[in-house]
Each structure stands twice: as structure tokens, then as C-alpha cells.
Amino acid sequence: MSTTQQLQDFAQQVRRDIVRMVHAVNSGHPGGSLGCNEFLTVLYQDTMKYSTDFTMDGKDEDVFFLSNGHISPVFYSVLARSGFFPVSELATFRLLNSRLQGHPTTHEGLPGVRIASGSLGQGMSVALGAAQAKKLNGDTRLVYSLHGDGELQEGQNWEAIMYAAGKNVDNLIATIDYNGQQIDGSTDHVMPMGDLKAKFEAFGWIVLEVEKGNDIDTIKASLAEAKSLTGNGKPVCILLKTEMGNGIDFMMGTHAWHGKAPSDAQLEDALAQNPETLGDY
């Protein structure tokens, strides 16, 4: 188990990685990456049980699927700093022939990646299949997944959400990055989804609403509660209310940084707000 300070230091270094990676190639998605930073930090550094001797089947270990794959900068940073591959490889983000492409892929064999996610809305179905496979194989570990709230505008999600409850897939914890933003503006403006809590509950899920989705201790407690609710015949959903661009003041409170790289001056500003804790790549 990691202390709160250790997790905060880890997340702060990941924040630096995110903006440096996106700036270096003038391409990528820093906003959502920063918003999900604390969640993935706690998930990999405190909650999940896994081996860095990576296998695709993940037998007898917890597994994670990133559905909103455009937030790959945070995923790559957390994986590297959790020991899946060298931290120095972060310098190859989005370069030709790199294993670290804009959306994670599986054909490059990058440890920690079990799903390619170029098309949004499919991660729930994959996570659901993995969770059922674990049950069939007598594997008692859990399946975790992460999805954007705007991603829930894709219809395939709701087929999977219906199926998960209908088939009592109770070893699945799906987290929704509930930041209310997507590339073209607020989710309410682009495609209102109404009361997500009520919708998931109507489909038969257990739902946890987490207001402080960027607070380390709140996330730890929420994931612990979610784990305690598994095995009760229902899948579990965490509605995690995050702030897009969290930790960098000029990126917060707007959808503008969904898919935009910082300038040289903006990078320096962002780094000044987040001094090194674990050492830059």
C-alpha cells in the first residue's frame, strides 16, 4: 500500500510526463489525461494486484482496459512508472514506429496494453468478455475499465451495460470519467445524457457517485468500496467527477485542451506548477 504523499508525488510526476510528451510532438490529448491521472495512479499504485511480467490473459491478476484510448499519455506514463516498460521510452510518444502511439495498440506488444482503442465505445464489451472469462476459468481477480462520459453516447456501451447486469457479471468495476466535457464542448451541449446514475441503476448496476474525482484519498476509499461490492450479483459503476486538465491552472475548466498541445511558454508554466518528484524521463 502506498501513502497519500507517495501517490501525490507519483501523480505529480505523471503530470509532467503528460505535458512533456504532448508538447514534444505537438500532438495528443492532455486534458482528459490530466483529469484521470489521480485515478490511474491509485489504481496501479495502490488498488490492483498485477504482475509486470505481462501476459495478455492476465490469469490470477486484476486486469484493466482503457476504453477512452485518446488519453494514452497518462496511461503510458503510469504503466512505465509502475514498471511495465522503461520510463525512457516515454520519449518516443507518437513517433514513427514507436510502441507508444496516439491510441494504444496491441500489435506492438507494449506490456500493460490488452486492447486497441482507436474507435471509442468498445472497451465495455471487451472488459465484459474478460470478466466472464475469469469466471469461467475460476479466476477470482477483478476486471477494471475506464470510459469517457462523452463515450457513452456510443450505443454499443448500452448493449454491454444491459448484458453485464443481465448475466450477473459481478467481477467488473467500470469507471466513468465524468468531467462533462468532450472535444466539441460540454456533453450537455453536444448530446445530453441525463441522469447517468439513474440510467446505470435502471440497467441493474450498483453505482457509486464520487464528487472529488481528483482527490487521492477519496479515490482510494471509492475503489475500496467498489471492490467490497463485487461478488453480489451485479456489476459496479463508479461515476468519477473529474476536472479536465487538473493540476495545470490554465487547462482547467475548459474543453479547449481536450486535444491540443501546449506551446513552449505554456509547457514551462505547466512544469513550474508541478516540480519534479520522481525524475523526468
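Rules used throughout
Residues numbered from 1 in each chain as written. Predicted model: local features only at pLDDT ≥ 70, side-chain atom pairs only at ≥ 80, totals over all residues. Heavy atoms only, no water. Phe/Tyr/Trp six-rings, centres within 6.5 Å; stacked < 30°, edge-to-face > 60°. Buried < 20%, exposed > 50% of the residue type's maximum accessible area, 1.4 Å probe, protein only. Lys NZ or Arg CZ within 6 Å of the ring centre and 35° of its normal. Core = buried A, V, L, I, M, F, W, Y, C linked by side-chain atoms within 4.5 Å. Helix = DSSP H or I, 4+ residues; strand = E, 2+ residues; numbered from the N terminus. Contact = heavy atoms within 4.5 Å.

Some thoughts on the packing of aromatic side chains
- All told, the structure shown has 11 aromatic pairs when counted by the stated rule.
- Plain terms: the ring middles of Phe 250 and Trp 257 are 5.6 Å apart, the flat faces sit at 65° to each other, and that makes the pair edge-to-face.
- Take Phe 250: its relative accessible area is 23%, and that puts it in the partly exposed class.
- Three or more aromatic residues joined by ring pairs form one cluster here, namely Tyr 44, Tyr 50, Phe 54, Phe 64, Phe 75 and Phe 84.
- The residue whose ring lies beneath Arg 20 is Tyr 281, and the NZ or CZ to ring-centre distance is 4.2 Å.
- The ring of Trp 257 has Lys 260 sitting right over it, with the charged end atom 4.4 Å from the ring centre.

Here's the deal with the nonpolar core
- Counting residues in each nonpolar core, the largest one holds 52 residues, and the members touching the most others are Leu 43, Tyr 44, Phe 64 and Phe 85.
- Looking at which element gives the most residues to this core, the answer is helix α1 (residues 4-25), with seven residues.
- Aside from chain neighbours lying at most four places away, what touches Phe 85 is Tyr 76, Leu 79, Ala 80, Leu 90, Arg 99, Leu 100, Leu 110 and Pro 111.
- Counting residues in hydrophobic clusters, the runner-up holds 26 residues, among them Ile 115, Leu 128, Ala 174 and Leu 196.

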